[in-house]
Amino acid sequence: MKDHDIQRIRRFNRAVTAALGVLDSSFLGRGRPLGVARVIHAIGHYGSDIAVIRTQLGLDKAVLSRMLKGLEAEGLITFRTDSQDARKRHADLTDKGRAEFDAYDALSDHHAADLLEGHPHTGHLLQAMDLIATAFGRDKVTIQEMDPRATDSLYCLQSYYDELEARFERGFDVSLSRDPEAANMMPPLGAFYVAMSDGLPLGCCGLKGVGTDVAEIKRLWVSPSARGLGLAQRLLAECETAANDLGIKTLRLDTNSALPEAEQLYRKTGWTQIERFNDDPYPDLFFEKAVSVG
């Protein structure tokens, strides 16, 4: 790695530290440093389970305990023991604490809006932020089963369609493709998975079943900011596990040669090229893979 590259990273770190007010004793003017404000944010967003809060923030147990005691002294939280497990403790926001959470959220939104409005290339700025956030949080990306009609699912699907529109020489019209019905990608026929990172969707993949022992993989997409991190393989693996649980013996999929990275992925993960099996006008490559049914 070049010395110049190291300096670029350090410049970035200094810029972010200053812009976010990391060293301020009163983050966003609310009288508390950033670390304590993040604890309030975590309770509001992730729930009251103290163990979950500590994991989300990556904080030492003693450090978090001191912060929580300070918030209790301010009247922003109250402690309680879990009704189902006496070993678990919770920190609940009081009405005053909820008001502080809402105030931080509003100020943070305003700060973000100012940054976007003051930059001439907001799209590039957001893409860069997505790339960096994903790089920093790569170990925290989760794969969740979702209704394909859910907001996060639809965001991924629309992003997938937009990319095909841009990459296919003749564009892409989902109404002309063999678009699977939502019910075919939900139990008991199939499944739909979304990769999530801190509340935002990064990718998706569907298992389309029709009640037989043959099913299809549909709508595999990963955000450009998260490519190269193995998410596509994780999404495929989830679909294969779901297929196994549903007693499906054979999986099929189609793709287009304009997406060489997809073809490479399928060949690398054990898919075999076969003859065309549908009349969809967009794909020109077809693959099949046997499922080991337990």
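In what follows, the structure referred to is the one given above.
Keep in mind that this is a model prediction, so the values were computed, not measured.

1. What to know about the overall build of the chain
- On a plain count of helices and strands, the chain comes out with nine helices and nine strands.
- Referenced to the eigenvectors of the C-alpha coordinate spread, the extents of the chain come out at roughly 70 × 50 × 35 Å.
- Total accessible area on the chain stands at roughly 17100 Å², and carbon and sulfur atoms take up 52% of it.
- Within the chain, one finds 35 positive and 43 negative side-chain charges whose respective centroids are separated by 7 Å.

2. Here we look at the state of the cysteines
- All told, the structure shown has zero disulfides when counted by the stated rule.
- Cysteine 239 takes part in no disulfide bond, and the closest cysteine sulfur, belonging to cysteine 205, lies 3.6 Å away.
- Judged by its relative accessible area of 0%, cysteine 239 falls in the buried class.

3. Remarks on a nonpolar patch on the surface
- A cluster of nonpolar side chains, namely Leu20, Val22 and Leu23, defines an oily patch on the protein surface of about 300 Å² accessible area.
- On the secondary structure map, valine 22 appears in the loop between α1 (3–20) and α2 (34–46).

4. Focus on the layout of surface pockets
- Within this model, the second largest pocket holds a volume of roughly 760 Å³.
- Around the second largest pocket, the lining comprises 35 residues; the ones closest to its centre are Leu220, Glu261, Ala262, Leu265 and Tyr266.
- Contributing elements (two or more residues each) for the lining of the second largest pocket: α7 (151–167), β6 (214–222), α8 (231–245), β7 (250–255) and α9 (260–268).
- A class-by-class count of the residues in the lining of the second largest pocket yields 19 nonpolar, seven polar and nine charged.

About the thresholds
- Residues numbered from 1 in each chain as written.
- Predicted model: local features only at pLDDT ≥ 70, side-chain atom pairs only at ≥ 80, totals over all residues.
- Heavy atoms only, no water.
- Helix = DSSP H or I, 4+ residues; strand = E, 2+ residues; numbered from the N terminus.
- Areas by Shrake-Rupley, 256 points an atom, 1.4 Å probe, with all protein chains shown as cover.
- Lys, Arg positive; Asp, Glu negative; His and termini not counted.
- Charge placed at Lys NZ, Arg CZ, Asp CG, Glu CD.
- Disulfide = S-S within 2.5 Å.
- Buried < 20%, exposed > 50% of the residue type's maximum accessible area, 1.4 Å probe, protein only.
- Patch = residues over 30% accessible without salt bridge, like charges linked within 9 Å, V, L, I, M, F, W, Y side chains within 5 Å.
- Salt bridge = Lys/Arg side-chain N within 4 Å of Asp/Glu carboxyl O.
- 1 Å grid on protein atoms, 1.4 Å probe; cavity = no way out; pocket = protein on both sides within 12 Å on 5 of 7 lines; lining within 4 Å.
- Points joined across faces, edges and corners; volume = space filled by probe spheres on them.
- Nonpolar A, V, L, I, M, F, W, Y, C, P; charged D, E, K, R; others polar.

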